[in-house]
Amino acid sequence: MIERVATIWETIEERERRVRGTRTTSAMVRAAEQIPAADNLKAAFAERPFISRDELRNIARQHDEGPVITLYLNFSPDRPLLSVFDSLRHGELEARKPYIDSQPHAQRLRVPKDLADVRAFVDGFEPEGARAIVIFKQASRLNRVMPLPVRVADSLTIDVDPYIEPLEAIMEEQRRVLAVDLSKEKTIFSLYELGFEEQIHAITSSIPRDEVEISRRDEVQRHRLTHLQWHLKASAQAADRLFRERGCDMLALIGEEGLVKEFEDYIPKAMKERLLALSRLSPEAGPNQRRAALEGALAEELKREEEAALGELGFFKGHGRLAAGLEPVIEAANLFLMRQLFLDDRLARVGFVCRTHHFLSLTSGACPFDNQPLLSAENVIDELVEIARLHGVEVRLVMYRQDLLGLYDGVAAVLVTAAPVDELRTVSVTS
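Rules of the game
Residues numbered from 1 in each chain as written. Predicted model: local features only at pLDDT ≥ 70, side-chain atom pairs only at ≥ 80, totals over all residues. Heavy atoms only, no water. Pairing = 2+ DSSP bridges. Helix = DSSP H or I, 4+ residues; strand = E, 2+ residues; numbered from the N terminus. Axes fitted to C-alpha atoms, helices over the stretch in contact; angles between N-to-C directions. Buried < 20%, exposed > 50% of the residue type's maximum accessible area, 1.4 Å probe, protein only. Contact = heavy atoms within 4.5 Å. pLDDT = per-residue confidence, 0-100. Salt bridge = Lys/Arg side-chain N within 4 Å of Asp/Glu carboxyl O.

Student: Can you lay out the sheet that holds strand 3 (residues 142–148) for me, pointing to particular residues and giving the numbers?
Tutor: Taking strand neighbours across the sheet as the criterion, the four strands line up as 3-2-1-4 in an open arrangement whose pairing is antiparallel. Looking at which strands have only one partner, the edges of the open sheet turn out to be strand 3 and strand 4 (155–159). On average, each strand axis in the sheet is tilted by 5 degrees relative to the strand beside it, whichever way the strands run. Note that strand 1 (residues 68–74) and strand 2 (residues 132–138) share six bridges and pair antiparallel.

The structure is reproduced here in structure tokens:
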């Protein structure tokens, strides 16, 4: 049956090429920043608990020869993290034994030391609101840690290259904000992403002082206004450039209300349409206040986007291009038929997976492509999300309008073809 389905949609050889393609290093062609050189995970995390997209490019390209350890791990209050880690470690060491044994002696001995360092870090880590964590580890050369506000599929890989694709996909899904702090003499530009803010540029202007002779006050006032206009115009030009170069999605303006309104006159219309609706935020606000304001504005924007996107599902359903419910969506995923995936962020379900061939099932059995036993997945939803991301599917985890997704049992997928999923259904691995 699997052979017949594969013939309908694509050959097994084509499927293998597709799956292999997701494991290659993605096309990140420019490297801009140097990765902090900390010799252990705790020091690396203390120095910089965020991995920018530029740093991710460097991680993909600049690491020593030999095995690299990558860990993606979810947090939850009652979850025994060390038990989960130990299970992942045991499975990966067994699966990658031929590769590890083929390495030079020094690199082979490095693997258990690196795993011990990762385990020690996980044991002492406090999530503090994070929903997951990603760790890259290779001796003292590569030590990077990043907490994530989104769920991931638990995985531990030991390979020649770091497994960056899931983190890259998560970053592409997140809204990247260019925050512009305005004052009459200085403009500071920052990037806000995944709960972290980083200053990237600043412009300082010299404005004539107020203390001048009475006879020159009108002249100096005109001079001050001219300098302010120059300053705002230069700041707007820089904002436009940085917004495009850094691939930003939204713009946040912070400062005195009158100054912000005047600044808006200098920015392009396309940027005005991407303005976040920030409540009054003082330039002197602390990091927690800034984060709360930015996250609140992003949440409102995301809520509106969810409503618009979910409102279109009825159209696709009417044209036979919608799979609704977990089982039909998994069947569509197994055939690589998904274009968009919508999931209730709270959804969880035990299931089974073959990570080698990107095959999912709600029942135990063997993978139909290599006849190997399917691995148990604590939450098959996380596996579905990761596989979808790896194959370029647009993933939307619905966090605010789950009621609209309730019409589809909490999960729906827009398909690339109007062919009903039932006609392309893969057989259950238990049949």
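Student: Residue-level account of helix 8 (residues 165–173), with values.
Tutor: In terms of burial, helix 8 is a largely internal element, seven of the nine residues being buried. For helix 8, every residue scored as buried is listed here: Glu 165, Pro 166, Leu 167, Glu 168, Ala 169, Ile 170 and Met 171. The inward-facing, buried residues of helix 8 abut helix 4 (53–61), strand 1, strand 2, strand 3, strand 6 (186–193) and helix 15 (380–390).

Student: Give a detailed account of the confidence of the model for the protein chain, specifying residues and quantitative values.
Tutor: Note: predicted coordinates in regions of low pLDDT should not be interpreted at a detailed level. Chain-level pLDDT for the protein chain is 84 on average; 85% of the residues reach the 70-or-more range. Per-residue pLDDT, averaged within each element of the protein chain, yields its smallest value for helix 1 (residues 2–9) (48) and its largest for strand 12 (residues 359–361) (96). Predicted confidence is poor over residues 426–431, with pLDDT under 50, and the contacts of this stretch with residues over four places away or in other chains come to 19 contacts.

Student: Pulling in residues and values, what's your account of the pairing of strand 11 (residues 351–354)?
Tutor: Here strand 11 shows two buried faces, one formed by Gly 351 and Val 353 and the other by Phe 352 and Cys 354. Sheet analysis places strand 11 next to strand 13 (residues 375–377), joined by three bridges and oriented antiparallel. Each residue of the ladder has a partner; that of Phe 352, found in strand 13, is Ser 376. In this structure, strand 11 lies alongside strand 12, joined through three bridges in antiparallel fashion. Bridge pairing links Cys 354 to Phe 359 in strand 12.

Student: Tell me about the pattern of salt bridges, and please be specific about residues and values.
Tutor: Inspection of the entire model under this criterion finds 28 salt bridges. The shortest N-O distance in the salt bridge between Asp 86 and Arg 89 comes to 2.9 Å. Placement of both Asp 86 and Arg 89 in helix 5 (residues 81–95) is noted, with a separation of three residues, approximately one turn of the helix. A salt bridge links Asp 86 to Arg 119; the shortest N-O distance between them is 2.9 Å.

Student: Describe the side chain of Asn 74, naming the residues involved and giving the relevant values.
Tutor: When you line up the elements, Asn 74 lands in strand 1. The exposure class assigned to Asn 74 is buried, which follows from its relative accessible area of 7%. Leave out the neighbours within four places in its chain, and Asn 74 touches Arg 79, Leu 81, Arg 131, Ala 132, Arg 151, Val 152, Asp 154 and Asp 382.

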